[in-house]
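Summary of the model geometry
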Amino acid sequence: MRLVNRIAALVVLLSAVSAGSSDSNSILIKGGTVVAFNQETQGLRVIRGGSVLVENDRITGVFDGAPSRVPKGAEIFDAKGKIITPGFIDTHRHGWQTVFKTIGSNTTLIEFFFRYSSLVAPFFWNASDVYDSQLAGLYEALNAGVTTSLDHATHTWSKDAADAGFQASIDSGARVLWAFSFANITDVVTVEQQYPIFRALAKKPGLKNSPTTLAIAYDAWGPNPNVAEIDKIMALAREVNVSAITTHSLQGPWGSDNSPEDIHALNYLNISIPIVFSHASFLSATGRDLLRSTNQYISITPESEMHYGQTHPVSSLIQDQASLGVDTHMTFSTDILTQARIWLQQTRYERYLDVLEQTKLPKTNPMSAEQAFLLATRSGALALRRPDLGAIFTGAKADLLVWDGDSPPLLGWDDPVAAVILHASVGDIEAVIVDGKWAKKGGKLISKGYPEARKKFLSTAKRLQEVWRGLPLPELPPVWNGHPVVDPERVDVKRGEGDGYGSVYI
Ligand SMILES: *[C@@H]1O[C@H](CO)[C@@H](O)[C@H](O)[C@H]1NC(C)=O
Ligand SMILES: *[C@@H]1O[C@H](CO)[C@@H](O)[C@H](O)[C@H]1NC(C)=O
Ligand SMILES: *[C@@H]1O[C@H](CO)[C@@H](O)[C@H](O)[C@H]1NC(C)=O
Ligand SMILES: *[C@@H]1O[C@H](CO)[C@@H](O)[C@H](O)[C@H]1NC(C)=O
Ligand SMILES: *[C@@H]1O[C@H](CO)[C@@H](O)[C@H](O)[C@H]1NC(C)=O
Ligand SMILES: [Zn+2]
């Protein structure tokens, strides 16, 4: 070992020792069923009557029985009858949109662009609106057990708006990879104007002591990329060492490629920075091979892809390079548990259909609850190249959930993984720890900022919802990306005349 390395190792050792002897910030979660992680098999390891020791931001012990070491002054949390899991990881989200909650219940993707996106919002929102909406959205996610999210932040239309959403992410206490979106917005902002804004955010003092990090979002990788612009953005990515890059990748009739092939052609796919392709609805076989050979991931957003019709015809073929995301939580569930459950049953449906279409019957079940659990936790960590996340083992970051095993849906559980993935609701999440700190306890968000954030958010939401009520529905273009825009066949839930579509209640 070279001398500098030896000194570095000593410093690490000393800081570990001093952290260990500190009385504050240690929590022992004692006597519960722990869904831990076996690093050898990269699979789950269920420990009944187990304990988890948290010191500062880390898990420092996972015990099969009584803990062999309890730091002086540690908070003891009795987990008898409870299930302990890692926090969920959401690899695709637009956190700033919380204000629109419930007002877009039947929106479509094309309507969304013209009504709820950053093409419209900058004309009505100011920076404090962004702050309030982003913060409330993150509290909502924390309450639902989402401890890490990759936020595709499209609210970067001004210095103040960008700063507000980033600051809200830091203030939430959640682990947010906040991905600054480089995009031109007509009459609002250009990519050229965004460079200095991004640079300034990278120097934000609050970043040092926060689990939140800066990332980049970019949606113009192909088919006719502006290579000079991309080179500049990638140089910035390296200059500030962003934690991830993300892109909306649809392809098929939706166009706007952003495929692995597009990025590889520019020589930016096989790099040390993780790149997450959200949706990747029409990923090609070549694209799948590229993801495997470069170890990059997609983010399947099951509910979004059903709601908006991005669909996911081939996503089940690339689940070994896939994670789960929520997308626009203004229109549906905010939580990864729901996504994992929908995805599990959707995949089962597809694989069963293959068998039934050959007029045969399935003998076994094609996807397990364990696989859905891993997609919702560990796979998200791997997508973000954060091996210290999404799992319970000694040395991992302390992002943990405690589930109430006695709630009506869980009462009588035996398999803790099946209990969570197939029976629980987010209401059964009794406690949430992020980076070693309680965010939720006793079934309630306990973050200091929550009461004030809640109040401010409500008034902002009601004001902006009123504005949106007054906006006429947009006239949609007859053709989008070269394809006619048409009405799908409506379902009919009422006997007799009409289709019973009804109304929306805003
Ligand atoms: C944003 O608008 C609201 C409502 O008009 C106002 O109360 C608030 O002070 C504004 N914030 C900023 C930063 O301009
Ligand atoms: C932004 O606008 C510039 C100038 O028109 C263009 O060259 C560039 O490709 C655009 N970038 C994006 C991401 O739309
Ligand atoms: C860049 O960030 C990663 C974590 O995202 C870290 O592991 C790495 O050491 C950093 N590199 C530099 C040069 O700071
Ligand atoms: C990516 O780089 C690794 C080595 O750094 C190499 O083994 C692999 O073939 C590369 N993949 C592609 C698609 O270029
Ligand atoms: C949503 O429903 C309302 C009627 O309640 C209708 O006017 C509107 O066109 C619908 N929007 C879409 C995108 O289908
Ligand atoms: Zn999205």
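What you are looking at is a predicted structure, and each value in this text was computed from that prediction instead of being measured.

Each helix and strand counted, the chain has 14 helices and 19 strands in total. Structurally, the chain occupies a C-alpha span of about 70 × 60 × 50 Å along its principal axes. Relative to its full complement of 506 residues, the chain shows a buried share of 48%. Considering only contacts within the chain whose residues lie at least 6 apart along the sequence, 76% involve residues at least 24 apart.

One can find Q310 in the loop between α9 (302–307) and β13 (322–324). Here Q310 is in contact with L109, L250, W254, H279, S281, S304 and E305, once residues within four sequence places are set aside.

This part is about the site of ligand 5. N106, T107, T108, E111, L473, S503 and V504 make up every residue found near ligand 5. Within the shell around ligand 5, the residues separate by chemical class into two nonpolar, four polar and one charged.

Turning to the nonpolar core, a few remarks are in order. Counting 131 residues, the largest nonpolar core has V52, A179, F180, A215, I216, A340 and I392 as its most contacted members. Among the elements that take part in this core, helix α3 (residues 127–143) stands out by supplying eight residues, more than any other. The residues that make up this core include at least three from each of domain 1 (18–86 + 391–444) and domain 2 (88–389). Look past the residues within four positions of A215 in its chain and what remains in contact with it is L150, L177, W178, A179, V242, S243, A244, I245 and T246.

Our focus in this paragraph is the packing of helix α10 (residues 336–356) against helix α11 (residues 369–376). Two numbers describe how α10 lies on α11: the axes approach to 9 Å, and their chain directions differ by 140 degrees. When the interaxial angle is binned, α10 and α11 end up oblique. The hand of the α10/α11 crossing is right-handed. From α10, I336, L337, A340, W343 and L344 reach across to α11, where they touch A369, A372, F373, L375 and A376. The residue makeup of the contact of α10 with α11, split by class, is 10 nonpolar, no polar and no charged.

In this section: helix α13 (residues 416–423). Along α13, the residues classified as buried are P416, V417, A419, V420 and I421. Contacts from the buried residues of α13 go to β1 (26–38), β2 (43–55), β5 (83–86), α10, α11 and β14 (400–403).

A word on α10. Between its terminal C-alpha atoms α10 stretches 30 Å, which fits the 30 Å expected from 21 residues at 1.5 Å a residue. For α10, the set of buried residues is I336, L337, Q339, A340, R341, I342, W343, L344 and T347.

Here we take up the sheet that holds strand β11 (residues 275–279). Pairing in this open sheet of eight strands is parallel, and the strands run β6-β7-β8-β9-β10-β11-β12-β13 from one edge to the other. Strands with a single pairing partner mark the edges of an open sheet, and in this sheet they are β6 (88–93) and β13. Strand-to-strand twist across the sheet, computed as the mean angle between neighbouring axes with direction ignored, equals 25 degrees. Judged from the three bridges that link them, strand β12 (residues 297–300) and β13 form a sheet pairing that is parallel. From the neighbouring strand, I300 faces β13, where its bridge partner is L324. Of the strands in this sheet, β8 (175–182) and β9 (213–218) are in contact with helix α5 (residues 191–202), which crosses β8 at around 155 degrees.

Mapped onto this numbering, the UniProt entry gives "domain: Amidohydrolase-related" (unreviewed entry) at residues 83–438. Each end of residues 83–438 is marked by a C-alpha atom, and these two atoms are 16 Å apart; helix forms 36% of the span and strand 17%.

Basis of the calculations
- Residues numbered from 1 in each chain as written.
- Chains lettered and ligands numbered in written order.
- Predicted model: local features only at pLDDT ≥ 70, side-chain atom pairs only at ≥ 80, totals over all residues.
- Helix = DSSP H or I, 4+ residues; strand = E, 2+ residues; numbered from the N terminus.
- Buried ≥ 20, exposed ≤ 12 C-beta atoms within 10 Å, placed from the backbone.
- Contact = placed C-beta atoms within 7 Å.
- Near = placed C-beta within 6 Å.
- Nonpolar A, V, L, I, M, F, W, Y, C, P; charged D, E, K, R; others polar.
- Core = buried A, V, L, I, M, F, W, Y, C linked by C-beta atoms within 7 Å.
- Domains from an automatic or database assignment.
- Axes fitted to C-alpha atoms, helices over the stretch in contact; angles between N-to-C directions.
- Parallel < 35°, antiparallel > 145°, perpendicular 65-115°, else oblique.
- Left-handed = near helix turned anticlockwise from the far one by under 90°.
- Expected span 1.5 Å × (residues − 1).
- Pairing = 2+ DSSP bridges.
- UniProt positions renumbered as here; feature names shortened; annotations may be inferred.

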